[in-house]
Amino acid sequence: MTAGPISLIVIGIVALLLFGPKKLPELGRAMGSTLREFKTATKGLADDDDDDVKKVDPPKSDVK
């Protein structure tokens, strides 16, 4: 289910009414910085998981 252009316009109008024209740019910047910080944090977690997998030795077989 995708949002059509009409629903995006309605969401924009509601946000404008709720927060006002002076507050919207600040909210946008805050949202952008929050998403950027979240992205870098999750990338760090994924990199840590990859490192942990590489550090584990493969199982050794006693069968000869």
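Being a predicted model, the structure only gives us computed values, none of them experimental. (Residues numbered from 1 in each chain as written. Predicted model: local features only at pLDDT ≥ 70, side-chain atom pairs only at ≥ 80, totals over all residues. Heavy atoms only, no water.)

Asks: Sorry if this is basic, but what is going on with the overall build of the protein here?
Replies: When helices and strands are counted, the protein shows two helices and zero strands. When the 64 residues of the protein are sorted by exposure, 2% land in the buried category. Put simply, the protein shows about 6,300 Å² of open surface, and 67% of that area lies on carbon and sulfur atoms. (Helix = DSSP H or I, 4+ residues; strand = E, 2+ residues; numbered from the N terminus. Buried < 20%, exposed > 50% of the residue type's maximum accessible area, 1.4 Å probe, protein only. Areas by Shrake-Rupley, 256 points an atom, 1.4 Å probe, with all protein chains shown as cover.)

Asks: Please clarify how the pattern of salt bridges should be interpreted in this entry.
Replies: Oppositely charged side chains may form a pair once their charged atoms are brought near each other. Applying the stated criterion to the full structure yields one salt bridge. For the salt bridge of Glu26 with Lys23, the shortest nitrogen-to-oxygen distance reads 3.7 Å. Accessibility expressed as a relative area gives 43% for Glu26, which makes it partly exposed. (Salt bridge = Lys/Arg side-chain N within 4 Å of Asp/Glu carboxyl O.)

Asks: Before we go on, may I ask you to explain a nonpolar patch on the surface in this structure?
Replies: A contiguous nonpolar surface patch, about 580 Å² in accessible area, is contributed by Ile6, Val10, Val14, Leu18, Phe19 and Leu27. Looking at the nonpolar patch, the element that brings in the most residues is helix H1 (residues 5-19), giving five residues. Within the fold, Phe19 resides in helix H1. (Patch = residues over 30% accessible without salt bridge, like charges linked within 9 Å, V, L, I, M, F, W, Y side chains within 5 Å.)

Asks: What exactly am I supposed to notice about the UniProt feature "transmembrane region" (unreviewed entry) in the protein here?
Replies: UniProt tags residues 6-21 as "transmembrane region" (unreviewed entry). Annotation note: span residues 6-21, helix share 88%, strand share 0%, distance between end C-alpha atoms 20 Å. (UniProt positions renumbered as here; feature names shortened; annotations may be inferred.)

Asks: Teacher, can you tell me more about H1 here?
Replies: Along an α-helix, residues three or four apart share an orientation, since each turn contains 3.6 residues. Under the 1.5 Å per step criterion, the end-to-end length of H1 is 21 Å for 15 residues, consistent within 8% with the ideal 21 Å. Gly20 sits one or two positions beyond H1 and adopts a positive phi of about 85 degrees. (Expected span 1.5 Å × (residues − 1).)

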